[in-house]
Amino acid sequence: MQLKTNGMIFLLAFVLAFAGGYFFFNSGKTEVMQAVTNEQSTKKEVVEEEESQSEEQASAEFEIFNTNSCLSCHAVSSLGLEGGITGPDLSNSYTDIEGKHGVDLDSFLKEPTSAVMTGVIEGNPLSDEDRAEIVDLLKKASEE
Ligand code: HEC
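Nothing here was measured: the structure is a model prediction, and the numbers come from that model.

Caption draft 1: Region of the structure containing the site of the ligand. Contacts to the ligand come from 23 residues, most closely from C70, C73, H74, H101 and M117. Between the ligand and H74, the relevant distance is 2.7 Å, taken from a nitrogen atom to a side-chain nitrogen or oxygen of the residue. H101 is positioned with one of its side-chain polar atoms (N or O) 2.7 Å from an oxygen atom of the ligand. Among the elements of the structure, helix 2 (93–101), helix 3 (105–110) and helix 4 (115–123) are those that each provide at least two residues to the shell around the ligand. It is helix 2 that contributes the most residues to the shell around the ligand, four residues altogether. Tallied by class, the residues present in the shell around the ligand amount to 13 nonpolar, nine polar and one charged.

Okay, here's the thing in structure tokens:
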């Protein structure tokens, strides 16, 4: 009888110690995991914030291609601008234009020597300011 009780107490103590250790160990682990996850999500938020900022800057700087519908027919891949495939990618048009169309970019955008672009510009002439800005950006595009 005495022996049996001692045995039970011993067993109970053992189980309690084991369970206590188990919970202690596990809760510590969860906290560490949570700390790691928190840090990761903070990093992710920072990255996302930076990305959306640079996207906004990009779209503001290149908005002129959008407002003049250039991107409906052209991409400017060196500036990261996706666009239609009706016309050629304009990444190198600043340097290629003389060889292809016999005039510099500014003259081409004023009075295109290509039939399609003549239609485009006649239908929607570029202001002197917009033309200068487009020439500037396409010059930059050719240097990327
Ligand atoms: C309706 C579609 C369309 C729109 C809108 C359009 N283009 Fe074009 N563009 C073309 C096509 C097609 C060509 C090729 C013409 C050719 O080779 O005769 C071209 C050629 C050009 C070229 C000569 C590039 C090369 O490599 O031959 C430049 C520069 C150009 N476009 C700039 C612009 C700009 C800037 C705008 C916006 C103001 C614009 N285009 C809007 C269709 C378009």
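Still more to cover.
Caption draft 2: Summary view of the coordination of the iron atom of the ligand. Here the iron atom of the ligand is held by the protein donor atoms H74 (NE2) and M117 (SD), which lie 2.0 to 2.2 Å from it. Every donor counted, the six donor atoms about the iron atom of the ligand form angles of 85 to 178° at the centre, which fits octahedral coordination. You can see H74 sitting in the loop between helix 1 (2–67) and helix 2 and its partner M117 sitting in helix 4, a full 43 residues away along the chain. Here H74 matches M117 in class, with each residue buried.

Caption draft 3: Looking closely at the environment of F108. Among the secondary structure elements, F108 is positioned in helix 3. Counting along the chain gives 10 residues from F108 to E98, while the straight-line C-alpha distance between them is 9.1 Å. Beyond its immediate chain neighbours, meaning those up to four positions away, F108 contacts I97, H101, V103, T113, S114 and M117.

Caption draft 4: Seen up close, the nonpolar core. Counting 21 residues, the largest nonpolar core has F65, V76, L79, L81, L109, I134 and L138 as its most contacted members. When contributions to this core are tallied by element, the ones reaching two or more residues are helix 1, helix 3, helix 4 and helix 5 (128–143). If you tally residues by element for this core, the top one is helix 5, at five residues. Contacts of I134, omitting those with residues within four sequence positions, involve I64, F65, N68, C70, L109 and L126.

Caption draft 5: Focus on the confidence of the model for the protein chain. On average, residues of the protein chain score 81 in pLDDT, and 60% of them reach the 70 mark or higher. Here helix 1 stands out as the element of the protein chain with the lowest mean pLDDT, 63, in contrast to helix 3, whose mean of 98 is the highest.

Caption draft 6: Expanded view of unusual backbone geometry. Phi at S69 takes a positive value of approximately 60°, unusual for a residue other than glycine. Looking at the element boundaries, S69 is found in the loop between helix 1 and helix 2. For S69, a relative accessible area of 40% gives the class partly exposed.

Caption draft 7: The environment of V135, seen in detail. By the element assignment, V135 lies in helix 5. On the accessibility criterion, V135 (14% relative accessible area) is buried. C-alpha separation for the pair V135 and L105, spaced 30 residues apart in sequence, amounts to 6.6 Å. If near-sequence neighbours (up to four positions away) are discounted, V135 is found in contact with Y94, L105, D106 and L109.

Rules behind the numbers
- Counting starts from 1 at the beginning of each chain's written sequence and moves along it residue by residue.
- For a predicted model such as this one, the threshold for reporting local features is a pLDDT of at least 70, and the threshold for listing and counting side-chain atom pairs is 80 or more; totals across whole chains, interfaces and linings nevertheless cover every residue.
- Based on all heavy atoms of the structure, the side-chain values leave hydrogens and waters out of the count.
- Whether a residue is near a molecule or strand depends on its heavy atoms: it is near if one of them lies within 4 Å of it.
- N or O atoms within 3.5 Å of each other form a polar contact, as long as, within protein, one can give a hydrogen and the other can take it, and as long as residues adjacent in sequence are counted only when both atoms are side-chain atoms.
- Strands here mean DSSP runs of E at least two residues long; helices mean DSSP runs of H or I at least four residues long; both are numbered from the N terminus.
- Throughout this entry, Asp, Glu, Lys and Arg are counted as charged residues, while Ala, Val, Leu, Ile, Met, Phe, Trp, Tyr, Cys and Pro are counted as nonpolar. The remaining residues, Gly among them, count as polar.
- Only N, O and S atoms count as donors, using a 2.8 Å cut-off from the metal and 3.2 Å for Na, K and Ca, and because water is excluded some sites may appear unfinished.
- Irregular is the default label, applied whenever a site is not tetrahedral (four donors, all angles between 85 and 135 degrees) and neither square planar nor octahedral (four or six donors, opposite donors over 155 degrees apart, all other angles between 65 and 115).
- With a 1.4 Å probe rolled over the protein chains alone, any residue whose accessible area is under 20% of its type maximum counts as buried; one over 50% counts as exposed, and the rest are partly exposed.
- Contacts are assigned to residue pairs with any non-hydrogen atoms lying within 4.5 Å of each other.
- What makes a nonpolar core is a set of buried Ala, Val, Leu, Ile, Met, Phe, Trp, Tyr and Cys residues whose side-chain atoms join them at distances within 4.5 Å.
- One number per residue, pLDDT, summarises how confident the predictor is, and it ranges from 0 to 100.

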